[in-house]
Amino acid sequence: MTPMPEASSLSLSQIGQIAVNAHDLERAIGFYRDKLGMKHLFSVPPTMAFFDCSGIRLMLSLPDKPEFDHPSSIIYFNVTDIQQTAKTLSDRGVHFEENPIFVADMGSYDLWMASFRDSENNLLALMSNVAKNA
């Protein structure tokens, strides 16, 4: 039997999967695959589909109980060029709630963010650490 780690040494540090609610799975698959360009890993019809986000698995799923039927937490996607990414996504039909805006001066870089909704009305966001001009 493997001993339990001491409470003081336990630390959750790596996300393996994020679940996002969907009401129309096929529509959601199309949005994440075709508009966001995510790699579709596999589906478990009729209730789940899985995508790869650089090693973190994103699960789209139909809520199986009323208490699970709510908007997801906001997922922030790191991007190198927020202006170009927002333009590309807009060209693919993604509607932005908030276009890229300066959020904070972080010293060596500026933090920029933009927000948009997926096909299931979940709020998602882009974030970018924009290097300052020397």
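Our subject in this report is the structure included herewith. (Residues numbered from 1 in each chain as written. Predicted model: local features only at pLDDT ≥ 70, side-chain atom pairs only at ≥ 80, totals over all residues. Heavy atoms only, no water.)

Below, the discussion takes up the nonpolar core. Taken as a class, soluble globular proteins show a tendency for nonpolar side chains to be buried jointly. Counting residues in each nonpolar core, the largest one holds 25 residues, and the members touching the most others are Y32, L36, F116 and L126. Broken down by secondary-structure element, the contributors of at least two residues to this core are α1 (25-35), β3 (48-53), β4 (56-61), β5 (75-78), α2 (82-91), β7 (109-117) and β8 (123-131). When residues of this core are assigned to their parent elements, the largest contribution, five residues, is made by α1. Setting aside chain neighbours within four positions, we find L36 in contact with F31, L89, R92, V94, F116 and L124. (Core = buried A, V, L, I, M, F, W, Y, C linked by side-chain atoms within 4.5 Å. Buried < 20%, exposed > 50% of the residue type's maximum accessible area, 1.4 Å probe, protein only. Helix = DSSP H or I, 4+ residues; strand = E, 2+ residues; numbered from the N terminus. Contact = heavy atoms within 4.5 Å.)

Right, let's get into the environment of P46. Residue placement: P46 occurs in the loop between β2 (39-44) and β3. A residue is classified by how much of its surface remains accessible, and P46, at 61% relative accessible area, is exposed. Put simply, P46 and D24 are 22 residues apart on the chain and 9.7 Å apart in space, counted from C-alpha to C-alpha. Beyond its immediate stretch of four places on either side in the chain, P46 contacts L25 and L62.

If you trace the four strands from one edge of the open sheet to the other, you get β1-β4-β3-β2, paired in mixed fashion. At either end of the open sheet lies a strand with only one pairing partner, and these are β1 (17-21) and β2. Ignoring which end each strand starts from, the neighbouring axes of this sheet average 25° apart. Where β1 lies against β4, five bridges are found, and the strand directions are parallel. Residue pairing across strands places V20 opposite L60, the latter belonging to β4. (Pairing = 2+ DSSP bridges. Axes fitted to C-alpha atoms, helices over the stretch in contact; angles between N-to-C directions.)

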